[in-house]
Amino acid sequence: PFITEDIYQNLVRENDKSAPESIHLCEFPTVNEDWIDRELEDNMEEVLQIVGLGRACRNGSNIKNRQPLSRMFVKANKELDAYCTDIIKDELNIKEVIFVDDTSNLLSYSFKPQMRTLGPKYGPQLNEIREKLQALDGTKAKAELDETGVLKLNISIGDIELTADDLLIETKQQEGFYSLSDFGVTVAIDTTLTEDLITEGFVREIISKVQTMRKDAGFEVMDRINIYVDGSEKIKEIAANNKSAIMGDVLCDEIIIGKPEGYTADWNINGEEATLGVKKN
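What counts, and at which threshold
- Residues numbered from 1 in each chain as written.
- Predicted model: local features only at pLDDT ≥ 70, side-chain atom pairs only at ≥ 80, totals over all residues.
- Heavy atoms only, no water.
- Pairing = 2+ DSSP bridges.
- Helix = DSSP H or I, 4+ residues; strand = E, 2+ residues; numbered from the N terminus.
- Axes fitted to C-alpha atoms, helices over the stretch in contact; angles between N-to-C directions.
- Contact = heavy atoms within 4.5 Å.
- Salt bridge = Lys/Arg side-chain N within 4 Å of Asp/Glu carboxyl O.
- Buried < 20%, exposed > 50% of the residue type's maximum accessible area, 1.4 Å probe, protein only.
- Core = buried A, V, L, I, M, F, W, Y, C linked by side-chain atoms within 4.5 Å.
- Parallel < 35°, antiparallel > 145°, perpendicular 65-115°, else oblique.
- Nonpolar A, V, L, I, M, F, W, Y, C, P; charged D, E, K, R; others polar.
- Arc of directions from axis to C-beta.
- Polar contact = N/O pair within 3.5 Å; in protein donor to acceptor, adjacent residues only side chain to side chain.

Caption draft 1: Up close: the sheet that holds strand β7 (residues 177–182). A sheet is described by the order of its strands in space; here four strands give the open sequence β2-β1-β8-β7, paired in mixed fashion. Either end of the sheet is taken by a strand with one partner, and the two such strands are β2 (97–99) and β7. If you compare each strand with its neighbour and ignore which way they point, the axes differ by 20° on average. Across three bridges, the pairing between strand β1 (residues 72–75) and β2 is parallel. When the bridges of β2 are listed, M72 appears paired with V97. Most of the contacts of helix α2 (residues 38–61) go to strand β8 (residues 185–190), to which it runs at about 45°, and overall it touches β1, β2, β7 and β8.

Written as structure tokens, this is what we have:
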């Protein structure tokens, strides 16, 4: 309540002297049903699910969020508009989001028997069940399991039905992609890193480090600076070739390749050693 009151006094009372003396004397706002946009709410729920899976894919493939990626394929409940797609691209640092109807060429599954449940029921047949499961088309078998709730196998004692509790299901990644599925949504990020993408990743890392150093050095938000860059040849080359991209984001007037001055710090940037300096102008 104290924070709320402080915000009210600063934003409302400061600009409208006729407003009630305290936020605690105000009426609760009435609901305007016309302002409720169910479609937008549903779309944002879809966005949240896609972004969550995309982040999990980045973590699973050990690719940091500051490293740009070229594209991501999405199989969702519906194709989202450009507004929502731009949010996904921004959140996941991905240049293109492609909605598809089929991800079978990007993601497959393998099945093993769950010993805890199948052992008591089919102990003598476990090896046979294991072989049958290994021979399945993983994508078709997963679709059958999702649709019917059971996976049917024909073994020596006849037809049997296995539920999800009877199976250990593993996701098989296709080369060059990392995919995950949940609640009917599948995302697959392209993990191929071109030279341009790698360079852009380095630039973003340098910007992040400089922003940290500005704060640690006690600079004001609007202070203009010079940046000094030393370290590996790759770091110096990237900084020299991408000056405009770096300078615009950190209020920098000049990037100097050489011995750092001002506030300095050593960094390991994507495996490359770097020493950066920031100096207020």
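Caption draft 2: Quick look at the pattern of salt bridges. Taken as a whole and judged by the stated rule, the model has 16 salt bridges. Note that E41 and R38 form a salt bridge whose closest N and O atoms lie 3.3 Å from each other. Within this pair, E41 and its partner R38 are both found in helix α2, separated by three residues, close to a single helical turn. Given the relative accessible area of 40%, E41 is considered partly exposed. Residue classification places R38 among the exposed residues on the basis of a relative accessible area of 55%. Two residues, R224 and D253, come together in a salt bridge whose shortest N-O distance is 2.7 Å. Within this pair, whereas R224 is found in the loop between α7 (195–216) and β9 (225–231), its partner D253 is found in strand β10 (residues 252–257), the two being separated by 29 residues in sequence. When its relative accessible area of 38% is taken as the criterion, R224 is described as partly exposed. Overall, the relative accessible area of 40% leaves D253 in the partly exposed class. Through salt bridges with shared partners, one network takes in K64, R66, E205 and K209.

Caption draft 3: Representation of the pairing of strand β11 (residues 263–269). Bridge analysis of β11 against strand β12 (residues 272–280) gives seven bridges, and the strand direction is antiparallel. In the strand pairing of β12, N268 is matched with E273.

Caption draft 4: How the structure looks around the nonpolar core. Counting 23 residues, the largest nonpolar core has V210, I227 and I246 as its most contacted members. Elements with a minimum of two residues in this core: α7, β9, α8 (233–241), α9 (243–250), β10, β11 and β12. By residue number, the principal contributor to this core is α7, which donates six residues. Leave out the neighbours within four places in its chain, and I227 touches V210, I246, V250, C252, E254, I255, I256 and G277. Listed in part, the 20 residues of the second largest apolar core include V51, I63, C84 and V187.

Caption draft 5: Spatial organisation of the packing of helix α4 (residues 115–122) against helix α5 (residues 126–134). The geometry of α4 relative to α5 is characterised by a closest axis approach of 10 Å and an angle of 130° between their N-to-C directions. Considered as vectors, α4 and α5 are oriented oblique to each other. Contacts between α4 and α5 pair M115, L118, G119 and Y122 from the former with L126, I129 and R130 from the latter. Considering only residue class, the contact of α4 with α5 consists of five nonpolar, one polar and one charged.

Caption draft 6: Helix α6 (residues 138–148), seen in detail. All of the buried residues along α6 are G138, A141, K142 and L145. One side of α6 carries all its buried residues, which in axial view fall inside an arc of 100°. More than 90 degrees from the buried face of α6, the exposed residues found are K140 and E147. N-capping of α6 is provided by D137, with a side-chain oxygen placed 3.1 Å from the backbone N of T139. With its phi angle positive at about 85°, G149 sits one or two positions after the end of α6.

Caption draft 7: Geometry of the pairing of strand β4 (residues 151–155). Of the two faces of β4, the one holding L151, L153 and I155 is buried and the one holding K152 and N154 is not buried anywhere. When β4 meets strand β5 (residues 158–162), the two strands line up antiparallel, connected through five bridges. Directly across from L151, in β5, lies its bridge partner L162. Between β4 and β5, which pair antiparallel one after the other, the connecting turn spans two residues.

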